[in-house]
Amino acid sequence: LTLFNIYYFICAPTLVYQMNYPRTKKIRWYWLLGKSVQLIFFSVLMVIMVEQFIMPTIKNTISYHLDRGTDVPYLVARLLKLAIPSLLVWLIMFYTVFHLFMNILGELLRFGDRQFYHDWWNSTTLGEYWRRWNRPVHNWLVRHIYHPLLRHGYSKHVSALVIFFISAVFHELVASVPLSMIRMHFFMGMILQVPLII
């Protein structure tokens, strides 16, 4: 174990430590330039979509709610108006982070294992979706939590419940800390999926 191994692990697009990772022979500079241009384009597009379509709808909904009180049909209409832009921003965010950014980082470090996601869009169950959409986190949870729990005699259901609890806590932290408000929405959103998976 050397200092280089530790620094490489910190920078590499993985959460599972190994002494040796698969490596590519060279950096493909033209490929890297193309992905970098895409990263900038899609990041700007995401900001434009949030500022142009999502934020005005949220601001109008809040001012309407403060002026006139709760109007359920109006709130449902606002949620439906937010559905398409929110979905598009989420898809662009996924593509930007999991395909562009992590592959750029992998290319710069000559990191050979580029399995950052599988075809989650073809999932037929919710459990299959969660196993496919974020491979680095899935691999870490399976290796460091799920399998050790099984080795200590816990059932698959209990181990999966612990995994979902930990994932729910981290989803809440990732959303709540930047927004400076803990509301438990993301935590509950994850926990309420447990009966559909186990």
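Calculation notes
For every chain, the first residue of its written sequence is number 1, and the numbers climb from 1 along that sequence. It should be noted that, the model being predicted, local features are given only for residues of pLDDT at least 70 and side-chain atom pairs only at 80 or more, the latter also being counted only at that level, while totals for whole chains, interfaces and linings use all residues. Heavy atoms throughout the structure, all of them, feed into the side-chain values; hydrogens and water do not. Salt bridge, as applied in this entry: a Lys or Arg side-chain nitrogen positioned within 4 Å of an Asp or Glu carboxyl oxygen. In this text, helices come from DSSP runs of H or I with a minimum length of four residues, and strands from runs of E with a minimum of two, each type numbered from the N-terminal end. Partly exposed describes any residue whose relative accessible area lies between the buried limit of under 20% and the exposed limit of over 50%, with all areas from a 1.4 Å probe on protein chains only and scaled to the type maximum. We call two residues contacting when some pair of their heavy atoms lies within 4.5 Å. The criterion is simple. A nonpolar core is a set of buried Ala, Val, Leu, Ile, Met, Phe, Trp, Tyr and Cys residues joined through side-chain atoms within 4.5 Å. N or O atoms closer than or at 3.5 Å make up a polar contact, with two conditions inside protein: a donor-capable atom paired with an acceptor-capable one, and, for residues adjacent in sequence, both atoms drawn from side chains. Patch membership requires over 30% relative accessible area and the absence of a salt bridge. Like charges are linked within 9 Å, and nonpolar side chains (Val, Leu, Ile, Met, Phe, Trp, Tyr) within 5 Å. Residue-level accessible areas treat just the shown protein chains as cover; the underlying method is Shrake-Rupley with a 1.4 Å probe. Whether a set of points on the 1 Å grid over the protein atoms alone is a cavity depends on a 1.4 Å probe fitting there but being unable to get out, while an open set qualifies as a pocket with protein on both sides within 12 Å along at least five of seven lines; lining residues are those with an atom within 4 Å of a point. Grid points are joined across faces, edges and corners, and a volume is the space filled by probe spheres set on the points. The classification used treats Ala, Val, Leu, Ile, Met, Phe, Trp, Tyr, Cys and Pro as nonpolar, Asp, Glu, Lys and Arg as charged, and all other residues, Gly among them, as polar. A residue's pLDDT is the confidence the predictor assigns to it, expressed on a 0 to 100 scale.

Looking at the pattern of salt bridges
Argument step 1. Taken as a whole and judged by the stated rule, the model has four salt bridges.
Argument step 2. Glu107 is the partner of Arg28 in a salt bridge, and the nearest nitrogen-oxygen pair spans 2.9 Å. A residue pair is termed long-range when its members are at least 10 positions apart, and Arg28 in the loop between α1 (3-11) and α2 (29-68) and Glu107 in helix α3 (residues 72-108) qualify at 79 residues.
Argument step 3. Relative accessible area serves as the criterion here: at 40%, Arg28 is assigned to the partly exposed category.
Argument step 4. Here Arg132 and Glu128 are joined by a salt bridge, their closest N and O atoms 2.7 Å apart. Remark: Glu128 and Arg132 occur in helix α4 (residues 126-133); sequence separation between them is four residues, near one turn of the helix.
Argument step 5. Taken together, the shared-partner salt bridges connect Arg28, Glu107 and Arg114 into one network.

Quick notes on α4
Argument step 1. Those residues of α4 lying buried are Gly127, Glu128, Tyr129, Trp130 and Trp133.
Argument step 2. Here the buried face of α4 lies against α3, α5 (135-151), α6 (156-179), α7 (185-191) and α8 (194-197).

Some remarks on unusual backbone geometry
Argument step 1. The residue Arg110 is not glycine, and still its phi comes out positive at about 55°.
Argument step 2. Inspection of the secondary structure assignment puts Arg110 in the loop between α3 and α4.
Argument step 3. Given the relative accessible area of 29%, Arg110 is considered partly exposed.
Argument step 4. Of note in this structure, Met184 is not a glycine but carries a positive phi near 70°.
Argument step 5. Secondary-structure assignment places Met184 in the loop between α6 and α7.
Argument step 6. Since its relative accessible area comes to 36%, Met184 is described here as partly exposed.

Re the nonpolar core
Argument step 1. With 13 residues, the main nonpolar core has Phe98, Trp130 and Trp133 as its most contacted residues.
Argument step 2. Within the residue set of this core, elements represented by two or more residues are α3, α4, α6 and α7.
Argument step 3. With residues near it in sequence (within four places) discarded, Trp130 still touches Phe164, His171, Met190, Gln193 and Ile197.

Examining the environment of Gln193
Argument step 1. Structurally, Gln193 is set in the loop between α7 and α8.
Argument step 2. Spatially, the C-alpha atoms of Gln193 and Ser155 are 19 Å apart, while their sequence positions differ by 38 residues.
Argument step 3. There is a polar contact of 3.0 Å between the side chain of Gln193 and the backbone oxygen of Gly189.

A look at a nonpolar patch on the surface
Argument step 1. Taken together, the side chains of Leu1, Leu3, Ile6, Tyr7, Ile10 and Met19 present a nonpolar region at the surface, about 660 Å² in accessible area.
Argument step 2. Inspection of the secondary structure assignment puts Met19 in the loop between α1 and α2.
Argument step 3. Residue class for Met19 comes out partly exposed when judged on its relative accessible area of 44%.

Focus on the layout of surface pockets
Argument step 1. There is about 1700 Å³ of room inside the largest pocket.
Argument step 2. Together, 47 residues line the largest pocket, and Trp130, Trp133, Asn134, Ser167 and His171 are the ones closest to its centre.
Argument step 3. Listing elements by their share of the lining of the largest pocket, those giving two or more residues are α3, α4, α5, α6, α7 and α8.
Argument step 4. Residue contributions to the lining of the largest pocket peak at 13 residues, all from α6.
Argument step 5. Tallied by class, the residues present in the lining of the largest pocket amount to 33 nonpolar, 11 polar and three charged.

Some words on the confidence of the model for the chain
Argument step 1. Residues at a pLDDT of 70 or more form 100% of the chain, whose mean pLDDT is 91.
Argument step 2. The lowest-confidence element of the chain is α8, averaging 85 in pLDDT; the highest-confidence one is α5, averaging 94.

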